[in-house]
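Architecture at a glance
Below are the chains, spelled out letter by letter.
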Amino acid sequence: MSDCLKDAPIGVFDSGFGGLTVVREIMRQIPNEKIVYFGDTARVPYGSKSKETVTRFSRQITHFLQTQNVKTIVVACNTASAYALDELEKEIDIPMIGVVKPGAKVAADVTQNGKVGVIATSATIGSEIYTTYIKKLKPEVSVTGKACPLFVPLVEEGLLEDPVTDEIASRYLLELIDIDIDTLILGCTHYPLIRNTIQRVVGEKVTLVNPAYETARELKLLLEEKGILQDKKPDLGENRYQFFVSDGAEKFKTFANSILKYGILSAKTISIEDY
Ligand code: DGL
């Protein structure tokens, strides 16, 4: 495998900021890699849109990332992974990985009592994709989904540790606590950012599964398997990370700098409808 391909960036996309939780894990687990990130900040949220619309948006982003010569694409958005990944995978010739399968696999592995909860956007819950994947691996596991649409705006407003978030989490999660789940999948990119609140509400006995962590792990395995993992350390001062958005580059930059250790130098706005 050519060094040129090893040196190519990984493309990552999401409907907005949330996918940065996946970027954060990729930076931690495979720090030699270059990343090109696209956040569709002009058209977020995806979680309340139709399959056709999310697939169309995801296709445009995939085309844009291909122009950046990425070696693989990570669909960091649960909703896009649920709605668009299967179709897009057939259309392009570079490997793609979503966040749903890795999260489902871990949940199926870690549950002891066979009762798994999934919290996500209305679209992801409606698609029943986590249930489908978990049942394929372990048919005896029961999976209960709960859409938590208010979590995304709460996170975007920065209310990560706030009584309002506590109150809403208590209401959303009550029915999952009542049925005695022992594993809970954080099936939306934003939810790892309110992980502490969620853990407090469901109690320490419930294992939280963060698909972002598992996705980065599987990405590393995929790159190794294909012989395209970057084993060379980056040159000093080299800018390895590029961020693109469809709107609000300054706001994106501020948010990104609050959750990534690496200081983002710039985020560029592009017209994604052109791809
Ligand atoms: N990124 C989305 C997801 O993981 C959450 C935000 C949205 O609804 O677009 O499903």
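Worth saying up front: this structure is predicted, and the values here are computed from it rather than measured.

A short note on the nonpolar core
In terms of nonpolar packing, the biggest core is built from 54 residues, with Leu20, Ile26, Ile119, Phe151, Leu184, Ile198 and Phe243 touching the most fellow members. When residues no more than four places from it in sequence are discounted, the contact partners of Leu184 are Gly117, Val118, Ile119, Leu173, Leu176, Ile198, Val202, Val206, Thr207, Leu208 and Val209. Formed by 25 residues, the second largest nonpolar core is a distinct cluster that contains Phe13, Phe38, Val54 and Leu65.

Overview of empty space enclosed by the protein
This model, assessed by the stated rule, comprises one cavity of 30 Å³ or more. Residue lining of the largest cavity: Thr21, Val22, Asn78, Val99, Leu186, Cys188, Thr189, Pro192, Asn210, Pro211 and Ala212, and that is the complete set. Looking at the lining of the largest cavity, the elements with two or more residues in it are α2 (20–29) and α12 (211–226). For the lining of the largest cavity, the residue count by class is seven nonpolar, four polar and no charged.

Brief notes about the environment of Lys205
With respect to the element layout, Lys205 can be found in the loop between α11 (195–202) and β8 (207–209). With 22 residues separating them along the chain, Lys205 and Thr183 place their C-alpha atoms 8.6 Å apart.

Digging into the site of the ligand
Every one of the 14 residues lining the ligand counts as a neighbour, but Asp14, Ser15, Tyr46, Gly47 and Thr79 are closest to it. Thr189 is positioned with one of its side-chain polar atoms (N or O) 2.9 Å from a nitrogen atom of the ligand. Considered on its own, the ligand offers 290 Å² of accessible surface; in the complex 99% of this is hidden by protein. With respect to the detected pockets, the ligand is housed in the second largest pocket. Looking at the shell around the ligand, its residues break down into six nonpolar, seven polar and one charged.

Rules behind the numbers
- Residues numbered from 1 in each chain as written.
- Predicted model: local features only at pLDDT ≥ 70, side-chain atom pairs only at ≥ 80, totals over all residues.
- Heavy atoms only, no water.
- Core = buried A, V, L, I, M, F, W, Y, C linked by side-chain atoms within 4.5 Å.
- Buried < 20%, exposed > 50% of the residue type's maximum accessible area, 1.4 Å probe, protein only.
- Contact = heavy atoms within 4.5 Å.
- 1 Å grid on protein atoms, 1.4 Å probe; cavity = no way out; pocket = protein on both sides within 12 Å on 5 of 7 lines; lining within 4 Å.
- Points joined across faces, edges and corners; volume = space filled by probe spheres on them.
- Helix = DSSP H or I, 4+ residues; strand = E, 2+ residues; numbered from the N terminus.
- Nonpolar A, V, L, I, M, F, W, Y, C, P; charged D, E, K, R; others polar.
- Near = heavy atom within 4 Å.
- Polar contact = N/O pair within 3.5 Å; in protein donor to acceptor, adjacent residues only side chain to side chain.
- Areas by Shrake-Rupley, 256 points an atom, 1.4 Å probe, with all protein chains shown as cover.
- Sits in = over half its atoms within 2 Å of the grid points.

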